[in-house]
Amino acid sequence: MIKFKKTLKKLKGVGQMLKVGLQKELIAQKHNATGRLSRGLNYKVKGTTLNVMSSVSYWKAVNNPKFAKTPNYNAIASWVRAKKGIESTPAAITRIYAKMLRKGYGKPYVFWTEGNNLRRTNFAGYVANKFKSKVAKELSPSIGKDVASMIREKIKNNTKAKVS
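The shown structure was predicted, so the numbers you read here are calculated from the model rather than taken from an experiment. (Residues numbered from 1 in each chain as written. Predicted model: local features only at pLDDT ≥ 70, side-chain atom pairs only at ≥ 80, totals over all residues. Heavy atoms only, no water.)

Between helix α1 (residues 5-28) and helix α6 (residues 123-159), the least distance of the axes is 9 Å, while the angle of their chain directions is 165°. The angle between α1 and α6 falls in the class roughly antiparallel. Handedness of the crossing formed by α1 with α6: right-handed. Residues that form the contact of α1 with α6 fall into these classes: 14 nonpolar, three polar and eight charged. (Axes fitted to C-alpha atoms, helices over the stretch in contact; angles between N-to-C directions. Helix = DSSP H or I, 4+ residues; strand = E, 2+ residues; numbered from the N terminus. Parallel < 35°, antiparallel > 145°, perpendicular 65-115°, else oblique. Left-handed = near helix turned anticlockwise from the far one by under 90°. Nonpolar A, V, L, I, M, F, W, Y, C, P; charged D, E, K, R; others polar.)

Printed below as a string of structure tokens:
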């Protein structure tokens, strides 16, 4: 059995790198109205598996708006109150809610002044693609060292020869 001591240490560093990358992408996509989603991102290494998770239940809807079936009025109201420059009266919130129902929920309701050049969905997929080569570069040397260590141990145990 291979003991991935060096790889496990690197996995923790990769987890932190991905967490920070996701947080930066949320800011770039203007999904950081309250900051709750960004603060809820976390990672855990269990065995040789790295899981990046969120404690916030609506992260799937932010990542892929088609995931949600119907708009949530209270979530829309919170979003409107957190945004600056949007009228936050009940009538304005109701208009946004009605438009989302009418136009089909799952299509992002967009309010920005930068124009139509923002990525608004798939923040997790974008970060995964952006960091895949960096993750490979981080993990490759440590996996190689762990495998070499395991081979050294097997040779030492089978031949009783001195191997350094």
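Let us look at the pairing of strand β1 (residues 41-46). Of the strand pairs in this sheet, β1 and strand β2 (residues 49-54) are connected by six bridges, and their pairing is antiparallel. Opposite V45, over in β2, you have L50 as the bridge partner. Counting the residues in the hairpin turn of β1 and β2 gives two residues, including G47, whose phi is positive at 65°. (Pairing = 2+ DSSP bridges.)

Now for the nonpolar core. Among the nonpolar cores identified, the biggest contains 15 residues, and V14, L18, L26, L37, F123, F131 and V135 are the most heavily contacted of them. Of all the secondary-structure elements, those providing two or more residues to this core are α1 and α6. Of all hydrophobic cores here, the second largest spans seven residues; its members include I76, V80, I86 and I96. (Core = buried A, V, L, I, M, F, W, Y, C linked by side-chain atoms within 4.5 Å. Buried < 20%, exposed > 50% of the residue type's maximum accessible area, 1.4 Å probe, protein only.)

A few words now on α6. Between the first and last C-alpha of α6 there are 52 Å, a value that for 37 residues agrees with the 54 Å anticipated at 1.5 Å per step. Largest kink in α6: about 50°, centred on F131. Along α6, the positions that sit buried rather than exposed are F123, V127, F131, V135, L139, S142 and D146. Looking at the packing, one finds that the buried side of α6 touches α1, α2 (36-39) and α3 (59-63). (Expected span 1.5 Å × (residues − 1). Bend = angle between axes of the 7 residues up to and from the residue. Contact = heavy atoms within 4.5 Å.)

According to the stated counting rule, one finds one salt bridge in the structure shown. A salt bridge links K10 to E138, with the shortest nitrogen-to-oxygen separation between them at 3.8 Å. One end of the pair, K10, is in helix α1; the other, E138, is in helix α6, and 128 residues separate them in sequence. The exposure class of K10 is partly exposed, given its relative accessible area of 37%. For E138, a relative accessible area of 30% puts it in the partly exposed group. (Salt bridge = Lys/Arg side-chain N within 4 Å of Asp/Glu carboxyl O.)

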